[in-house]
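What the coordinates show
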Amino acid sequence: MKHARTIATLLVLLVLVALPFGLGHYGYYILATVMIYAIVALSLNVLIGMGGQISIGHAGFWALGAYGSALVVIKLGFPFLAGVLVGGLVAAIFGALVALPALRVQGHYLAIATLGFALFVQQVLFEWEGLTGGRQGLFVPRPSLFGYELQTDFSYYYVLLAVFLLLAWITGNFAGSHTGRSLMALKMSSVAAECCGIARPIHIIIAFTISAFFTGVSGALYGHLLGHLSTETFSLAVSLSFLTMAVIGGLHSRAGALLGGAYLALAPELLREFKDAQMVIYGITLILCVQFLPGGLISLVERVWTIRRPPRAAP
Amino acid sequence: MPLLEIANLSLAFSGLRALANVSFDVEEGEIVGLIGPNGAGKSTLLNCISRLYQPDGGTIRFDGHDLGGRSAPEVAAMGIRRTFQNLELFREASVRENVALGLVYRYGSPLLAEFLALPGVRAKQRAALEDAERIVSECGLGEWAEARVAELPYGLQKLVELARALAGHPKLLLLDEPAAGMNREESTQVAETVRRLRDRDGITVLLIEHDMRVVMTVCERIVVLDHGEKIAEGSPAEIRRSPAVIKAYLGDELEDA
Ligand SMILES: Nc1ncnc2c1ncn2[C@@H]1O[C@H](COP(=O)(O)OP(=O)(O)OP(=O)(O)O)[C@@H](O)[C@H]1O
Ligand SMILES: [Mg+2]
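Residues numbered from 1 in each chain as written. Chains lettered and ligands numbered in written order. Predicted model: local features only at pLDDT ≥ 70, side-chain atom pairs only at ≥ 80, totals over all residues. Heavy atoms only, no water.

**A word on the overall build of chain B**
Per the secondary structure count, chain B includes 10 helices and 10 strands. Projected onto its principal axes, the C-alpha positions of chain B cover 65 × 40 × 35 Å. Taking all 257 residues of chain B together, the buried fraction comes to 54%. The contacts of chain B with a sequence gap of at least 6 include a subset with a gap of at least 24, amounting to 68%. Surface exposure of chain B reaches about 11100 Å², of which carbon and sulfur atoms provide 50%. A distance of 3 Å separates the average location of the 29 positive side-chain charges in chain B from that of its 39 negative side-chain charges. (Helix = DSSP H or I, 4+ residues; strand = E, 2+ residues; numbered from the N terminus. Buried < 20%, exposed > 50% of the residue type's maximum accessible area, 1.4 Å probe, protein only. Contact = heavy atoms within 4.5 Å. Areas by Shrake-Rupley, 256 points an atom, 1.4 Å probe, with all protein chains shown as cover. Lys, Arg positive; Asp, Glu negative; His and termini not counted. Charge placed at Lys NZ, Arg CZ, Asp CG, Glu CD.)

**As for the domain arrangement of chain B**
Residues and elements named next belong to chain B. Per the domain assignment, the segments of chain B are domain 1 (1-79 + 170-256) and domain 2 (87-169). Taken residue by residue, the interface counts 16 residues in domain 1 and 10 residues in domain 2. In this assembly, domain 1 packs against domain 2 so that about 810 Å² is buried in total across both faces, 67% of it on carbon and sulfur atoms. Here domain 1 and domain 2 share 0 salt bridges between them. When residues of the side of domain 1 that touches domain 2 are traced back to their parent elements, those giving at least two are helix 2 (72-78), strand 7 (172-176) and helix 7 (184-201). Of the residues assigned to the side of domain 1 that touches domain 2, the class counts are 10 nonpolar, 2 polar and 4 charged. (Domains from an automatic or database assignment. Buried area = accessible area lost by both parts, 1.4 Å probe. Salt bridge = Lys/Arg side-chain N within 4 Å of Asp/Glu carboxyl O. Nonpolar A, V, L, I, M, F, W, Y, C, P; charged D, E, K, R; others polar.)

**Examining the site of ligand 1**
All names here are of chain B. In the vicinity of ligand 1 there are 14 residues, among which Gly39, Lys42, Ser43, Thr44 and Gln85 approach most closely. Within the contact set of ligand 1, an oxygen atom lies 3.0 Å away from a backbone nitrogen or oxygen of Gly41. When ligand 1 sits alone it has 630 Å² of accessible area, and the protein chains cover 66% of it. Those elements that provide at least two residues to the shell around ligand 1 are strand 2 (16-26) and helix 1 (42-49). When residues in the shell around ligand 1 are grouped by element, the largest group, 3 residues, is from helix 1. The class makeup of the residues in the shell around ligand 1 is 5 nonpolar, 7 polar and 2 charged. (Near = heavy atom within 4 Å. Polar contact = N/O pair within 3.5 Å; in protein donor to acceptor, adjacent residues only side chain to side chain.)

**With respect to the state of the cysteines**
The final tally for this structure, using the stated rule, is 0 disulfides over all chains. Unpaired in this structure, A:Cys196 has its nearest cysteine sulfur neighbour in A:Cys195, at a distance of 7.4 Å. Cysteine B:Cys139 is unpaired, with the sulfur of A:Cys196 as its nearest cysteine sulfur at 13 Å. (Disulfide = S-S within 2.5 Å.)

**Examining the interface of chain A and chain B**
Counting residues at the interface gives 25 residues for chain A, matched by 31 residues for chain B. Ranking the residues of chain A by area buried against chain B places A:His178, A:Cys195 and A:Cys196 at the top, with a combined share of 27%. The interface formed by chain A and chain B includes 1 salt bridge. At the boundary of chain A and chain B, one finds 8 residue pairs in polar contact (both at pLDDT 80 or more). Residue assignment for the side of chain A that touches chain B shows that the elements contributing at least two residues are helix 7 (153-176), helix 8 (178-188), helix 9 (190-195) and helix 10 (200-226) of chain A. Each residue belonging to the side of chain A that touches chain B can be placed in one class, and the counts come to 15 nonpolar, 8 polar and 2 charged.

**What to know about the coordination of the magnesium ion (ligand 2)**
Around the magnesium ion (ligand 2), the protein contributes the donor atoms B:Ser43 (OG) and B:Gln85 (OE1), at 2.0 Å from the metal centre. With B:Ser43 in helix 1 and B:Gln85 in the loop between strand 6 (80-82) and helix 3 (95-101), this pair connects stretches of sequence that are 42 residues apart. (Donors = N, O, S within 2.8 Å, 3.2 Å for Na, K, Ca; no water.)

**Let's talk about the environment of B:Ala117**
Along the chain, B:Ala117 turns up in the loop between helix 4 (111-115) and helix 5 (119-138). Sequence-distant contacts of B:Ala117, defined by excluding residues within four places in its chain, comprise A:Asn173 and B:Arg122.

**Details of the nonpolar core**
In terms of nonpolar packing, the biggest core is built from 88 residues, with A:Trp62, A:Leu221 and A:Phe242 touching the most fellow members. Examining the composition of this core, we find that 17 residues originate from one element, helix 2 (residues 25-50) of chain A, more than from any other. When residues no more than four places from it in sequence are discounted, the contact partners of A:Trp62 are A:Ile36, A:Tyr37, A:Val40, A:Thr215, A:Ser218, A:Gly219, A:Tyr222, A:Thr233, A:Phe234, A:Val238 and A:Phe242. In this structure, B:Val160, B:Ala179, B:Met216 and B:Ile222 belong to the second largest nonpolar core, which totals 49 residues. (Core = buried A, V, L, I, M, F, W, Y, C linked by side-chain atoms within 4.5 Å.)

**Description of the pattern of salt bridges**
Residues and elements named next belong to chain B. If you walk through the whole model with that rule in mind, you get 18 salt bridges over all chains. For the salt bridge of Glu161 with Arg164, the shortest nitrogen-to-oxygen distance reads 3.8 Å. Here Glu161 pairs with Arg164, and both are found in helix 6 (residues 154-167), just 3 residues apart, close to one helical turn. Across the pair, Arg164 and Glu161 agree in class, each one buried. Asp201 is the partner of Arg200 in a salt bridge, and the nearest nitrogen-oxygen pair spans 3.0 Å. Overall, Asp201 belongs to the partly exposed group, its relative accessible area being 38%. Counted as one network, the salt bridges with shared partners bring together Glu30, Arg221, Lys230 and Glu233.

**Focus on helix 13 (residues 278-292) of chain A**
Residues and elements named next belong to chain A. Look at helix 13: 21 Å from first C-alpha to last across 15 residues, which is about the 21 Å you get at 1.5 Å a residue. Within helix 13, the full set of buried residues consists of Gln278, Tyr282 and Cys289. Seen along its axis, helix 13 keeps its buried residues to an arc of 40°; they face one direction. Away from its buried face, by an angle of more than 90 degrees, helix 13 presents the exposed residues Val280, Ile287, Gln291 and Phe292. Buried positions along helix 13 lie against helix 11 (236-249) and helix 12 (254-270). (Expected span 1.5 Å × (residues − 1). Arc of directions from axis to C-beta.)

Below is the structure:
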C-alpha cells in the first residue's frame, strides 16, 4: 500500500519532468501556468479542505503577491527569489487580517467579506498610480536565478515545478502535524476540539496566513511569467475560477491540486471555440462536480486505482 | 479547598431560566451525581463549567482559580475534560485520531518546525501517538483503533468520547449521561469504569445520569436540579428519602432502578 503510493508519486514526478519536451514556447507557457494555478489550489486545500473556511477573495492575495514581488524587484533591486518570498509574506500579512472576520462569521458572510477584500485590493492597486502604474500597469523583469536570467518558459517551468513540490511537501507536513490536525479537528467539531484544548482563533488565523502566503507566492511567480501586470488580471472572475479549479481538482489532495491547476490552465484552451459560453460550461462543470464527484477529479483517479487492489477488511 | 466550587450560578436563555442561583462544591476525589427531570438545567451547568456557555451570574472556581473570562480550551488545559449527551466526535477520523486529538495540544511544536517536519517535531508526534495508543488499548478500543468513528455502534462511540476525555489526563471529568441508551450489563460496566477512574487514577467525577441504578451505586453525593434550581443535595440514601426529590423527579425514575 505504502509502496504503491511511492511508485505513483515517482511516476507523476517523472511525467512532470518529461512534460515540456517536444512542446513549443506556447506549450511551456501553458505548463508554467499549470504550476502557478496548482500552487493556488494547494493554498485552497489548506484553507477549505483542512480549515473548512471559504474564500472568494484569493485574487486579492494573488495580486498582493504579484505587485509585492514586482515592486521590490524593480524599485529595490531584490533578486527574483527574494522578491517571490516578499510577495508571499505581504499576502500572508493580509491573510492574517482577513482571518479576523472569519473568527466571527462563517459561510455566506465570510464569502462576502473575502470578496470585498479582493475588490478593495484591486481598487487600491488601480488608484495608487505612483506605485503600480495604474492604468498603464507595471513591467516586470524576467525571472533570474543566481544572476542568470531565465530566458525561456522552458527553464522557468522547472523553477515553478520545484516551488510547487516544495509547497506540496510543506502542505503534507502541515497536514500531518499537530497544528494541521487540530485545524481539521475544529472543522469536524469545533465544540469537541475546543473542549480538547484546541483554540479556534489561532488555528483559523494560521490557515488563512498559510493559504495567503502560498497564493502570494503564486501571484509573484505569475507576475514574472507575464512580464506585465495590470489590475484587470486580478478580477472577481479569477477568484471564482480559483475556487472552481480547487473543487474540481479535489480539496483534500495535493495531486488533486495539480489536476485543478491543469484544469484551469487547459480548459480555456480546449473551450476557446465556445467564446462567451465558456463561463456557462465552467458553471455546469462545477455543479456536476459538487453533485457527483465531491472529492474532485482526483477521487476518480483514486477510485480506478483502488479497484485493482483488494478492499480493506471492514472493522 | 474543594476542587470545584459553584456559587450562585445563573443563566437564562431569552427569558427562560435554565439555571437559578445554583451553588454546590465538589471535593477532590469525589464522585458527584447531578440528577433532575428533563430540561432541569443539568447539561447547561456542565456547559457553563466547560465554558461553552457564559453564565449570566455567579462564579465557578476550579482548583482555586476563577473560571470567569476563560475560554473552553483554557479550562480544558487546566484539567477539565468531558463527554457530551449527544456525542461530539470527530466522526470522519479514526478512533486513534480522536483520542490523539484529545492530547495533541500538550505536544506543541513551533509552526515553522512543523512545516519542515524537523526531527524534534517527529519525535513529539511519535510520543503523542504512543500516548494515544496506550489510552486506546486501556479503554479496550484497540481492536477498533483504525476504524472510522462514524461507522462504530453507539456504545463504542460513547467509549471513544470517554477515551478522548481521558487522553487529556483530567483532574475533573464531566460525564453527561454516560449510560444513556445502554442495557443493564453495559451500564454496570460504565459504573465500574467511573469507580476505577477515581480509585486508581484519582480523577474527580461530576456525572449527569438518568439511570438511577448507576447514580445510586456509584455516586457519593448527589445534587438534584429542577427548573434550574437546586432542590436537594446529599448522600444517595438522603436523596432517596427526600420528599421534594420524590415529588419532582424520583417518583418515576426509582421504579426503573
Ligand atoms: N443553547 C440553548 N439555547 C436555548 N435554550 C437552551 C439552550 N440550552 C439549553 N436550553 C434550555 O435550557 C433548559 C435546560 O436544558 P438542559 O439541556 O440543561 O437540560 P437537562 O437537565 O440537561 O435535560 P435532559 O435531561 O433532557 O438532558 C431547557 O429548557 C433547554 O431547552
Ligand atoms: Mg442534558
